[in-house]
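Structural overview for review
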Amino acid sequence: MTASPSFLDRLRAECPALKLSQDPSDLTEYGRDWTRAVDPAPLAIAFPATTEEVSKIMKLASATGTAIVPSGGRTGLSGGAVAASGELVLSLARMNRMHSVDPLSQTVRVQAGAITEAVHQHCEPHGLTWPVDFASKGSSHVGGNLATNAGGVRVIRYGLTRNWVLGLQVVLAGGEILEINGELEKNQTGLDLRQLFIGSEGTLGIITEATLKLTRLPPPTDVLFFGVDGLDGVLGLFREARRQPFTIQAFEMLGANCLQKVIEHRSARPPLSTPASDYVLLEVERPASEAGQQELQTWLESLFERGLVQDGTLAQSPEEACALWSLREGISESIMSAGLVHKQDVSVPIRELQGFCSRFERELGEKYPGHTLYLFGHIGDGNLHINIAKPEGLERDAFYARCKQIDEDLFRLLQAHQGSVSGEHGVGLLKKYALSFSRSPAEIATMRAVKQALDPKGILNPGKIL
């Protein structure tokens, strides 16, 4: 299903103020996300400025059967924002207005194109924040965060994006505009339609505005970096941390080779003097009382006394804390700079992490020798980022063919450990073939029925998820 030049002519006539581009650089830039496995081939890029313009676009698309690919910051890794078959890309980039923060209700209404980090900065003077945070916050859009139910580094503290939305404005496939829930905290009047669109990857409707739920800025935090002995050590430290009275903001794990790549790529100083097989970045809310701070210090000392960590450091300033975080947030960029890397984003129950990781590393080494595994992730919510580097001497096409075999083994293993083939980047274009590893036939049939009901012509982000 592709758009036609006549469609663009009608669109220009019916929406004379609409910004449209067929510039080759725009087609490439807006026709894809961070995925590079699929070449973009959109017909054009539309940049609406209002929900009304989005509605007009969708009414014409519905009347002509034209496929539409919604586009936000395009930071996903599953091809959810790829336009590869002559679709019209509908970019929300111009729709970035943020209304005044309401300190009483602790809410703010923003357009879908608002940058995540800009929302944080907008709310900060009021002592409030939207607690959705990840490495791509400087380029990701609120609409994309909602469409993928984004996770990130603070899920252990605040939960997923869907927890921090009160109301949505959504344009349906036929152009109808829905105003869902407004600013209500409580509204028990049937189905909660917000949750239908959150996480749907733009396949059911286009989110154009949202009323976000805010919370107080977190108190000062302490950032710690530990070297531990294997995943046993990672999980042992996590178990210990969860028993303590302080509040965990983040608990991140990275393998030794991940840290080494970041140090090499960024010419960074090693954070610890003693090397380890695995590392943990722990961020906790600093206790308000002197007694609480002493309790935290005593616990840290006990970790060394009991041999639960091999080495560790506590950031002594905000600059040191940022430097420690950069070691975690710079992993993807650093390993990709060294060569071709195949990436997977998966999730398993926390209790299954040890067994899953041990089996996967063993099977990878036995069946696919020479393939280097870079493993890191959000241990606090069971979300792992699996990166496999292309061995030297192996041709690109042969590497991709090998990765398909590795993925099949990985997905079967995930199924055995009650995991998910996508932890936070969605299904999109690249993982729809693997959906059956995480969802039952009955669940998939139900999703198809919802899609048919809301988008009977199949024009919204076609080919994604299902």
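A brief look at the structure comes next. (Residues numbered from 1 in each chain as written. Predicted model: local features only at pLDDT ≥ 70, side-chain atom pairs only at ≥ 80, totals over all residues. Heavy atoms only, no water.)

Concerning the nonpolar core
Judged by nonpolar contacts, the single largest core of 46 residues is most densely connected at Phe-251 and Phe-356. Ranked by residues supplied to this core, first place goes to helix H14 (residues 396-416) with 7 residues. The contacts of Phe-356, once residues within four sequence positions are left out, are Val-346, Val-348, Leu-384, Ile-386, Leu-410, Leu-413, Leu-414 and His-417. (Core = buried A, V, L, I, M, F, W, Y, C linked by side-chain atoms within 4.5 Å. Buried < 20%, exposed > 50% of the residue type's maximum accessible area, 1.4 Å probe, protein only. Helix = DSSP H or I, 4+ residues; strand = E, 2+ residues; numbered from the N terminus. Contact = heavy atoms within 4.5 Å.)

A word on the side chain of Thr-208
Take Thr-208: it is sitting in strand E9 (residues 206-213). The residues touching Thr-208, leaving out its near neighbours within four places in the chain, are Thr-51, Val-54, Met-95, Val-110, Gln-111, Ala-112, Gln-169, Val-170 and Val-171.

Some thoughts on the pairing of strand E13 (residues 278-285)
Burial within E13 is extensive, with 8 of its 8 residues counted as buried. Residue alternation in E13 divides its side chains into two sets, Asp-278, Val-280, Leu-282 and Val-284 and Tyr-279, Leu-281, Glu-283 and Glu-285, and both sets are buried. In this sheet, E13 lies alongside strand E11 (residues 221-228) in antiparallel orientation, the contact comprising 8 bridges. In the sheet register, Gly-227 faces E13, and the bridge partner there is Tyr-279. (Pairing = 2+ DSSP bridges.)

As for the packing of helix H8 (residues 230-243) against helix H13 (residues 353-367)
Between H8 and H13, the least distance of the axes is 10 Å, while the angle of their chain directions is 165 degrees. When the axis of H8 is compared with that of H13, the two are roughly antiparallel. The two elements H8 and H13 cross, and the hand of that crossing is right-handed. Here Leu-231, Asp-232 and Leu-235 of H8 lie close against H13, whose contacting residues are Leu-353, Gln-354 and Cys-357. (Axes fitted to C-alpha atoms, helices over the stretch in contact; angles between N-to-C directions. Parallel < 35°, antiparallel > 145°, perpendicular 65-115°, else oblique. Left-handed = near helix turned anticlockwise from the far one by under 90°.)

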